[in-house]
Every structure is written in C-alpha cells, then in structure tokens.
Amino acid sequence: MAAKIISGTEVAKQIREELKKEVEELKEKHSVVPGLVTILVGENPASISYVTGKQKTAKELGFHSIQDNQPDDISEEKLLGLIDQYNKDPKIHGILVQLPLPKSINETKVLYAIDPAKDVDGFHPVNLGKLMIGEAEYLPCTPAGVQQLLIRSGTETKGAEVVVVGRSNIVGKPVANILLQKQDGANATVTICHTGTKDMASHTKRADILIVAAGKPKAITADMVKDGVVVIDVGVNRIGKTESGKAKLCGDVDFDAVKEKAGAITPVPGGVGPMTITMLMMNTVKSAKVHAGLN
Ligand code: NAP
C-alpha cells in the first residue's frame, strides 16, 4: 500500500496559524511584538530569495521585522558592530545572518557574536551545547521542523529505531541529538550514518524512522528500507528545469519507489522545506516571551 504523505506545507500552515494567534495575544495582553532582523550581505540571488521569504512570513505573522541589507564589501568589524547594536536593541528578539558571507569575513566569528539569547537559528555553540545536555532553548530550525513533522503526523518516537543519514552540524547531528533526548517527541534509539559507514543498508533497513540529509539524489532506494518505515527526506537537490523554466527539485530519497514500501513519507518540495522558516518564527516568538519574562 502506498505511504501516507506527510505534508510539511499543511503542518507549517497549522503552526503559523497558532503563532499568529499567539502574536496577537502577546500584543494585546502584554504589548510585546516579536522582532526579527535578517542581515543580508551582498546580492547572492539564493540568499535574497531566502531572506525575502523569511521577512514575508514575519510580516504575515505580525512581527516587527527588519531586513538589513549590507554591501558585500562591508568590513568584518562593521558587521560585528551591527550585530552588537541588534544584540542591545530591546525591540529585536531574533537575529539572523544569512549565509554564506563573503570570503573576506570570518563566518564563525560573526555567528558567535550573536547573543545566544537572540540566536533564533540555533547555531550558536551555546545553544548547540544546551541541546546536547537536554536543556535546549532554541533548536536549529530544520531539525526542529523534522521533529514537529514526526509529532504532528502522530509518529511514535519513543523507543523507535531512528536512523539519520548525514552528520552535518546544521541537520544530521542536531536532529540526532533532539531525538535522542529523554523527552516527549524524542526518546528514540538513534544511529547516524555518513560516508564512512560500512554497509549503510544494514542500518537503514532497521529503521522505524529514517531521516535523510545527505544532499544526494536517490541516496536511499526501496531495497534499503523496511515495510512501514516513516521517511523524512530533508534533501533538496536541483536536477534540471521544469517546463516553466523553474529549477526541478528532488530529495535524497527515491520517492516513487520508496513510497510503495513506507508507512509515511515527506515529499520534496512540500515536506521539510516549509517547516524551516516556520521554526525560525517559532523561535522568535519564544525569544520575545523569554525577553519579556513570560516564559
Ligand atoms: P552537508 O553538510 O553536505 O552534509 C551531508 C552529510 O551527508 C554529510 O555528513 C555526508 O557524510 C553525508 N552523506 C553524503 N552522501 C552520503 C551517502 N551517499 N551516504 C551516506 N552519507 C552521505 O549537507 P546538509 O547541510 O546537512 O544538507 C543535507 C541536505 O539537506 C542538502 O540537500 C540540503 O540542501 C538539504 N537541506 C534542506 C533544508 C530544508 O530546509 N529543507 C535545510 C538544510 C539542508 P560525510 O560527513 O562523511 O561527508
């Protein structure tokens, strides 16, 4: 039987509706307006499109939102000064620096300069460390989106065999850490696979939940999964163009074949993608509440 499709578009819409109500309530009852600044350096078309999407969503939810565009020859010192200014700005609860930055700027130094209490991307080592010890405040957005998809699709994680393919610092490692915690919506037995893994199929075939973030089309084929598995495909790969000239997207999983064996599966596009921005908004609302002493 073909798998149930877990729609990230639908789940994201549901969460955004909840957030919109929460933002209205924060304004009415506490005069608190969540504030998000996105800092864009240079004119990389993909980065422009990402920050535009983030700002559009922030505005739709009723945030105080600022898009701060800086030229690609901005000095590291000036960028750090700008971050310091937003760190101190009481109207700003979330600071996002769109990556990549020009080569002349030390990306790590810039990310580490963001106040961890305003790090709504969840990439600051303080926040990653807190995640590791089960005291996370701001979860990185894509991994948090994966967890929400599991929770809201009614997938039992407690005691489940979770296999994560990919060990990047932004997806693989944090998602594995999230699902490992002795907490609701987690408490799984987690295995991480990577290019050094021997006989990857022997691991993926054991998975009740398979999370794939490899960045390789068809990294997972039907013979590598067991019947009934829940598959979350994080991968976004551009493979040619559609008839209308847009980039054609696919995930890391051979969707058509795997959906015939899986119990549930996310599509690409329309799976994890819409969740990432939504989790950024969720983190910003949380930060606004924390800063106002409401959380
Ligand atoms: P990344 O930094 O390139 O990491 C990929 C990981 O996958 C690495 O750990 C690599 O292993 C492993 N890997 C690659 N090919 C493999 C294979 N054939 N078998 C086993 N492991 C393999 O990528 P990322 O930043 O985590 O992103 C992964 C994918 O998710 C990309 O397609 C990206 O576009 C997508 N993504 C989507 C969203 C979203 O919002 N939907 C957000 C972030 C990323 P090694 O460590 O051994 O090299």
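The rules we used
- Residues numbered from 1 in each chain as written.
- Predicted model: local features only at pLDDT ≥ 70, side-chain atom pairs only at ≥ 80, totals over all residues.
- Heavy atoms only, no water.
- Helix = DSSP H or I, 4+ residues; strand = E, 2+ residues; numbered from the N terminus.
- Rg over C-alpha atoms; globule rule 2.2 N^0.38 Å.
- Buried < 20%, exposed > 50% of the residue type's maximum accessible area, 1.4 Å probe, protein only.
- Contact = heavy atoms within 4.5 Å.
- Areas by Shrake-Rupley, 256 points an atom, 1.4 Å probe, with all protein chains shown as cover.
- Lys, Arg positive; Asp, Glu negative; His and termini not counted.
- Charge placed at Lys NZ, Arg CZ, Asp CG, Glu CD.
- Pairing = 2+ DSSP bridges.
- Axes fitted to C-alpha atoms, helices over the stretch in contact; angles between N-to-C directions.
- Core = buried A, V, L, I, M, F, W, Y, C linked by side-chain atoms within 4.5 Å.
- Domains from an automatic or database assignment.
- Parallel < 35°, antiparallel > 145°, perpendicular 65-115°, else oblique.
- Left-handed = near helix turned anticlockwise from the far one by under 90°.
- Nonpolar A, V, L, I, M, F, W, Y, C, P; charged D, E, K, R; others polar.
- Expected span 1.5 Å × (residues − 1).

## Thoughts on the overall build of the chain
Regarding its fold elements, the chain presents 10 helices and 11 strands. The C-alpha atoms of the chain give 19 Å as radius of gyration, which agrees with the globular expectation for 295 residues (19 Å, within 12%). Along the first, second and third principal axes, the C-alpha atoms of the chain reach 55 × 40 × 40 Å. The 295 residues of the chain split such that 47% are buried. Considering only intrachain contacts with a sequence separation of at least 6, the fraction spanning at least 24 residues in the chain is 69%. Entry remark: accessible area of the chain is about 14200 Å², with carbon and sulfur atoms responsible for 53%. Positive and negative charge centroids in the chain, built from 36 and 35 side chains respectively, lie 2 Å apart.

## Looking at the sheet that holds strand β7 (residues 209-212)
The 6 strands lie next to each other as β1-β11-β8-β7-β5-β6, forming an open sheet whose pairing is parallel. At either end of the open sheet lies a strand with only one pairing partner, and these are β1 (4-5) and β6 (189-193). Of the strand pairs in this sheet, strand β8 (residues 230-233) and strand β11 (residues 264-265) are connected by 2 bridges, and their pairing is parallel. Bridged to Val-230 within β11 is Ala-264. Along the sheet, helix α6 (residues 141-152) makes contact with β7 and β8, crossing β8 at roughly 150°.

## Here's the deal with the environment of Leu-79
On the secondary structure map, Leu-79 appears in helix α3 (residues 76-88). Residue Leu-79 is classed as buried on the basis of its relative accessible area of 0%. In sequence terms Leu-79 and Glu-43 are 36 residues apart; their C-alpha atoms lie 16 Å from each other. Setting aside chain neighbours within four positions, we find Leu-79 in contact with Ile-39, Val-41, Ile-74, Leu-101, Ile-105 and Val-110.

## Describing the nonpolar core
Judged by nonpolar contacts, the single largest core of 41 residues is most densely connected at Phe-63, Val-146, Ile-211, Ile-232 and Met-281. Breaking this core down by element, the ones donating at least two residues are α1 (8-30), α6, β5 (161-165), α7 (172-180), β7, β8 and α10 (273-291). There are two domains that each give this core at least three residues, and those are domain 1 (31-115) and domain 2 (141-273). Non-local contacts of Ile-232, meaning those with residues more than four positions away in its chain, are made with Ile-6, Val-146, Leu-149, Leu-150, Leu-210, Ile-211, Val-212, Thr-266 and Val-272. Among the nonpolar cores identified, the runner-up in size contains 19 residues, and Val-165, Ala-222, Met-224 and Val-225 belong to it.

## A closer look at the packing of helix α2 (residues 45-60) against α10
At a minimum axis distance of 10 Å, the contact between α2 and α10 shows a crossing angle of 50°. What the angle tells us is that α2 and α10 run oblique. As α2 packs across α10, the resulting crossing turns out to be right-handed. Along the contact surface, α2 presents Gly-53, Lys-54, Thr-57 and Ala-58, while α10 presents Ile-277, Leu-280 and Met-281. In terms of residue class, the contact of α2 with α10 is made up of 4 nonpolar, 2 polar and 1 charged.

## With respect to the pairing of strand β2 (residues 35-41)
With respect to burial, β2 is a largely interior element, 7 of its 7 residues being buried. Judged by which residues are buried, β2 turns out to be covered on both faces: Gly-35, Val-37, Ile-39 and Val-41 on one side and Leu-36, Thr-38 and Leu-40 on the other are all buried. Pairing between β2 and strand β3 (residues 64-70): 7 bridges, direction parallel. When the sheet's bridge partners are listed, Leu-40 is paired in β3 with Asn-69.

## A short note on α10
Counted at 1.5 Å a residue, the expected span for α10 with its 19 residues is 27 Å, and the 28 Å between its end C-alpha atoms agrees. What α10 keeps buried is the set Met-275, Thr-278, Met-279, Leu-280, Met-281, Asn-283, Thr-284, Val-285, Ser-287, Ala-288 and Lys-289. In this structure, the buried side of α10 is in contact with α1, β2, α2, β4 (94-97) and α6. Residue Gly-293 follows α10 closely and has a positive phi angle near 75°.

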